[in-house]
Amino acid sequence: MRIHPLLTTSAFGLSLLCTQSHSAKAAFSNHVRSKTRLHPMVAFTPRYPSSSSSTSTSSALKSTSASSSVSDVPTSPIEGMKPGTSGLRKKVEVWQAVEDVNKNYVENFIQSLIDTAKDSNDGNMIDTVIVAGDGRYYNNEAIQIICRVLAGNGVSNIWIPQNGIMSTPAVSAAIRRREGGKAKGGIVLTASHNPGGPGEDFGIKYNEAFGQPAGEEFTDALYEKTLSISSFKTIQDSPDIDLSADAGATYQLTPTTTVTIIDPFDNYLDALKSCFDFAKLKEFCAREDFSILFDGMHGAGGPFARRVLIEELGLPESSLLRCDPRPDFGKCHPDPNLTYAASLIKKMGLNPDGSADTSADIASLPTLGAANDGDGDRNLIAGAGCFVTPSDSLALICDNWESIPHFANEGGPRGVARSMPSSAALDVVAEARGIPCFSTPTGWKFFGNLMSSKEMFGKTDYTPFLCGEESFGTGSDHIREKDGLWAVLSWMSILMKANEDTPAGEPLVGVKDIVTKHWAKYGRHFYCRYDYEAVDSDAANKVMDLVRDEFVNGDVSSVPDDDSGITLTGATEFAYTDPVDGSQTSKQGLILNFEYPNGDPSRVVFRLSGTGSAGATIRMYLERYEKDESKHGEAAPQALKSLAQRALSLVKMEEITGREGPTVIT
């Protein structure tokens, strides 16, 4: 008898000898240059105390129009620079050093980062680095500061995308592909799905030489360096780099450091074309009965969607919504979920809880709806009157791998993985299809080792590889990041395959048809996430301690039943031993296992999110397996309501946090 997965736990002068390749002018300028808002500080050049270690301008550069020098600037450690699951995120005013206690905040972090990268490179300074951001408030100013620190440390080549904006997946692609993978790393300025603008969030993360997010060994070493830093290197008196210059423009920051403005799109587009049949997709997109609505949420992914969907696949401009990057994301929260992508959700004929709006005219709705987050790595997928949870989306892509050339050309994925809080929908498909399946801690860096098992470690080759997490992240081994647009193209390919025999004039097989057929075959994993944002840190830790002490380390058999009939059957704390490098990661989520009166398994996971910038976010993940096809049409929040009430009562959420309900339900 097969046990369902839910039942298991598993210096110099800037010479301004700027050479521009006018023929290489990027289309990006048409999308962003005129819209890029240079904040008041963009022309600000930091002035630091003079240092005895300053180096005078070399005679070879004395004829340049500006004179500057490399300085070793004294500084002091600043508390709290420990990166989370995806970089260091703080309120933007912290990075701007509005208060003296945060003086040189960017410089301290980048110096610590570059010293860590040097140590990881056998003591040699890394040669080539990409510096790019998602376009949020303070993006341009931070790029200028970072480039000066990199030049002061002797980095030879700095690549910056035109206008300084590049999606996170595009950065990973450029690290892996540009000039044969010459870049040794990428400094990405993003707080991902967090809001931007004054009073909001800013962040910096680092991607290593294979394009993957820095692992825990790197980030732990970086943090240790922030605690002992005494100085940073930078160049003084250098004019700002013109981020709006044509692709191909170069700037000589020092005799040994060159900045090059690069095309943001080319390497990423190559990566996508290695995965999908663009010619066939373009033909499918030409069907009069197919349409798509893509919400860029004013983030970095918008121009990339235009480049792919409009310029490559020939879809009309009306297919795009909010695809112009803005420093404050148009004052929206750039997180592609049911709450923050409400406009798209409504246009797809859905209610706020993801259920179908029965008053909507399904025939008039777009065939496919999708959204990106701030840095373009997350995705939301919906069909006409049908919201697809991220966990279901991942499982459906796995089960329909024949539709995607990246997998089909290799006979299918050799490995798949999900984050532990994601539903077990993927596990069921992987078991049926005979594909190795892994459950990892939250954080894309944990997928990186599996993707690069052979490439980096000379071990089992799991590529082509498919992975995803419940927080709207999906991706493959074409890069080493989650990739929102890749997920959209996957769904377009699935729809194209499903309709290869659908003649013109006949109704298309839609997203809802594909999803309901999948549930009928494998059963439905009802899934929902409750987010309690900006909770007092002490209160959040108290909730976690209660779950750990009373249930994980306690006796669940003594927990009395209630009127719901939902029985607590077990509790555990998720820990992970990496199957590739053997590293161990503990305290990755507290799992309460339940059983419904009919015997169906369910579970609730509690974890503290590592992606916020203030306070703590408690995330509660709810999952219930339902095999009965007659019950598959129920809205997930309603289907999981009694389970949520049971779990919240057990952990005393309202009593401890004072919160009567979650901030967001997705």
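Chains are numbered independently. Their residues run from 1 in the order of the written sequence. Restriction of local features to residues with pLDDT of at least 70 applies here, the model being predicted, together with a cutoff of 80 or more for giving and counting side-chain atom pairs; totals for whole chains, interfaces and linings are based on all residues. Side-chain measures were taken over the full set of non-hydrogen atoms in the model, leaving aside hydrogen atoms and water.

You'll find the protein entered in an unreviewed UniProt entry as phosphoglucomutase (alpha-D-glucose-1,6-bisphosphate-dependent), with Helicotheca tamesis given as the organism. We quote the UniProt Sequence similarities (unreviewed entry) comment for the protein here in full: "Belongs to the phosphohexose mutase family." Under the UniProt heading Cofactor (unreviewed entry), the note attached to the protein is "Mg(2+)". UniProt positions are given in the numbering used here, feature names are shortened, and annotations may be inferred rather than shown by experiment.

Draft legend 1. Main features of the overall build of the protein. The numbering of helices and of strands both runs from the N terminus, where a helix is a DSSP run of H or I of at least 4 residues and a strand a run of E of at least 2. The helix and strand inventory of the protein stands at 21 helices and 26 strands. Looking at the protein as a whole, 61% of its 666 residues qualify as buried. Only protein chains enter the accessibility calculation, which uses a 1.4 Å probe. A residue is then buried if its area is under 20% of the maximum for its type, exposed if over 50%, and partly exposed in between.

Draft legend 2. Expanded view of the pattern of salt bridges. The term salt bridge refers to a pairing of a side-chain nitrogen on Lys or Arg with a carboxyl oxygen on Asp or Glu at a separation within 4 Å. Following the criterion strictly, the structure yields 35 salt bridges and no others. Of the charged contacts, one joins aspartate 289 and arginine 287 as a salt bridge, the two residues approaching to 2.8 Å between their closest N and O atoms. Given a relative accessible area of 29%, aspartate 289 falls into the partly exposed group. Classification of arginine 287 as buried rests on a relative accessible area of 19%. The salt bridge partner of lysine 482 is aspartate 377, with a shortest N-O separation of 3.8 Å. Remark: aspartate 377 occurs in the loop between strand S12 (368–372) and strand S13 (379–383) and lysine 482 occurs in the loop between strand S18 (473–476) and helix H16 (484–498); sequence separation between them is 105 residues. One connected set of salt bridges, linked through shared partners, spans Lys273, Arg307, Glu311 and Glu312.

Draft legend 3. Local environment of the packing of helix H3 (residues 105–120) against helix H4 (residues 139–152). Angles here are taken between N-to-C directions and fall from 0 to 180 degrees, while the axes themselves are lines fitted to C-alpha atoms, restricted in helices to the stretch in contact. The N-to-C vectors of H3 and H4 enclose an angle of 45 degrees; their axes lie 10 Å apart at closest approach. The angle between the axes of H3 and H4 places the two elements in the oblique class. As H3 packs across H4, the resulting crossing turns out to be right-handed. Mapping the contact onto sequence places Val106, Glu107, Ile110, Gln111 and Ile114 in H3 and Ile145, Ile146, Val149 and Leu150 in H4. A breakdown of the residues in the contact of H3 with H4 according to their chemical character gives 7 nonpolar, 1 polar and 1 charged. Here the angle decides the label: under 35 degrees means roughly parallel, over 145 means roughly antiparallel, 65 to 115 means roughly perpendicular, and every other value means oblique. Crossing chirality is assigned from the near helix's rotation relative to the far helix, an anticlockwise turn below a right angle marking it left-handed and a clockwise turn marking it right-handed. Residues are treated as being in contact if the distance between any of their heavy atoms lies within 4.5 Å. The nonpolar class holds Ala, Val, Leu, Ile, Met, Phe, Trp, Tyr, Cys and Pro. Asp, Glu, Lys and Arg form the charged class, and all remaining residues, Gly among them, are polar.

Draft legend 4. Summary view of unusual backbone geometry. Following threonine 463, the chain continues to proline 464 via a peptide bond in cis, the omega torsion being 0 degrees. Of note, proline 464 is situated in the loop between helix H15 (453–457) and strand S17 (465–469). We note that asparagine 163 has phi near 70 degrees; this positive angle belongs to a residue other than glycine. Its place among the elements puts asparagine 163 in the loop between strand S4 (157–161) and helix H5 (168–177). The phi angle at alanine 534 is positive, at roughly 50 degrees, despite the residue not being glycine. Tracing the sequence through the fold places alanine 534 in strand S19 (residues 524–535).

Draft legend 5. Local environment of the packing of aromatic side chains. Each Phe, Tyr or Trp ring (for Trp, its six-membered ring) is paired with any other whose centre lies within 6.5 Å, and the angle between the two planes then decides the class: stacked below 30 degrees, edge-to-face above 60, tilted in between. The tally for this structure, following the rule as stated, stands at 13 aromatic pairs. Ring centres of phenylalanine 407 and tryptophan 486 lie 6.2 Å apart, and the angle between their planes is 85 degrees; this geometry places the pair in the edge-to-face category. With phenylalanine 407 in helix H12 (residues 405–408) and tryptophan 486 in helix H16, this pair connects stretches of sequence that are 79 residues apart. Assessed through its relative accessible area of 0%, tryptophan 486 is described here as buried. The rings of Trp95, Tyr105, Phe109, Tyr138 and Phe202 are connected pair by pair, giving a single aromatic cluster.

Draft legend 6. Spotlight on the sheet that holds S19. Any two strands with at least two DSSP-identified bridges between them are counted as paired. Strands sit in the order S20-S23-S24-S25-S19-S26 across an open sheet of 6 strands; the sheet is antiparallel. Every interior strand has two partners, whereas the edge strands, strand S20 (567–573) and strand S26 (664–665), have only one. Here S20 runs beside strand S23 (residues 590–595); their pairing, made up of 6 bridges, is antiparallel. Paired with threonine 567 across the strands is glutamate 595, a residue of S23.

Draft legend 7. Structural context of the side chain of arginine 603. Here arginine 603 is to be found in strand S24 (residues 601–608). Exposure remark for arginine 603: the relative accessible area of 7% places this residue in the buried category. Under the rule applied, a polar contact is a pair of N or O atoms within 3.5 Å (in protein, one hydrogen donor and one hydrogen acceptor; residues adjacent in sequence only if both atoms are side-chain atoms). Separated by 2.6 Å, the side chain of arginine 603 and the backbone oxygen of methionine 420 make a polar contact. Separated by 3.4 Å, the side chain of arginine 603 and the backbone oxygen of proline 421 make a polar contact.

Draft legend 8. Spatial organisation of the side chain of serine 238. By the secondary structure assignment, serine 238 is in the loop between strand S7 (231–236) and strand S8 (250–254). For serine 238, a relative accessible area of 3% translates into the label buried. Polar side-chain contacts of serine 238 include one of 3.0 Å to the side chain of arginine 148.

Draft legend 9. Main features of the nonpolar core. Counting 72 residues, the largest nonpolar core has Leu309, Trp491 and Met492 as the members making the most contacts within it. The dominant element in this core, judged by the number of residues it contributes, is H16, at 9 residues. Contacts of methionine 492, omitting those with residues within four sequence positions, involve Leu281, Phe284, Cys285, Phe290, Ile292, Leu309, Leu313, Leu315 and Leu368. What makes a nonpolar core is a set of buried Ala, Val, Leu, Ile, Met, Phe, Trp, Tyr and Cys residues whose side-chain atoms join them at distances within 4.5 Å.

Draft legend 10. Layout of helix H7 (residues 266–273). Those residues of H7 that fall on the buried side of the exposure criterion are Asn267, Tyr268, Leu269, Ala271 and Leu272. Among the structural elements, H5, helix H8 (278–285), helix H9 (301–312) and H16 are those in contact with the buried residues of H7.

Draft legend 11. Summary view of the pairing of S17. Counting buried positions over the 5 residues of S17 gives 5, a clear majority of the element. Neither face of S17 is left uncovered, since the one carrying Phe465, Cys467 and Glu469 and the one carrying Leu466 and Gly468 both have all their residues buried. Across 4 bridges, the pairing between strand S15 (residues 415–419) and S17 is parallel. Bridge assignment links arginine 418 to a residue of S17, and that residue is glycine 468. Judged from the 4 bridges that link them, S17 and S18 form a sheet pairing that is antiparallel. Paired with leucine 466 across the bridge in S18 is serine 476. Between S17 and S18, which pair antiparallel one after the other, the connecting turn spans 3 residues, and phenylalanine 472 there sits at a positive phi close to 65 degrees.

Draft legend 12. Just the state of the cysteines, in detail. Here, the term disulfide refers to a pair of cysteine sulfur atoms separated by no more than 2.5 Å. For the coordinates displayed, the defined rule picks out 0 disulfides. Cysteine 437 supplies the cysteine sulfur nearest to cysteine 398, a cysteine that is in no disulfide, at a spacing of 7.7 Å.

Draft legend 13. A look at the sheet that holds S17. Overall, mixed pairing links the 4 strands, which are arranged S16-S15-S17-S18 in an open sheet. Every other strand in the sheet has two partners, leaving strand S16 (437–440) and S18 as the edge strands with one partner each. The mean inter-strand angle of the sheet, taken between neighbouring strand axes irrespective of direction, is 15 degrees. Contacts between helix H13 (residues 425–433) and the sheet are confined to S15 and S16, with S15 contributing the most and set at about 165 degrees to the helix.

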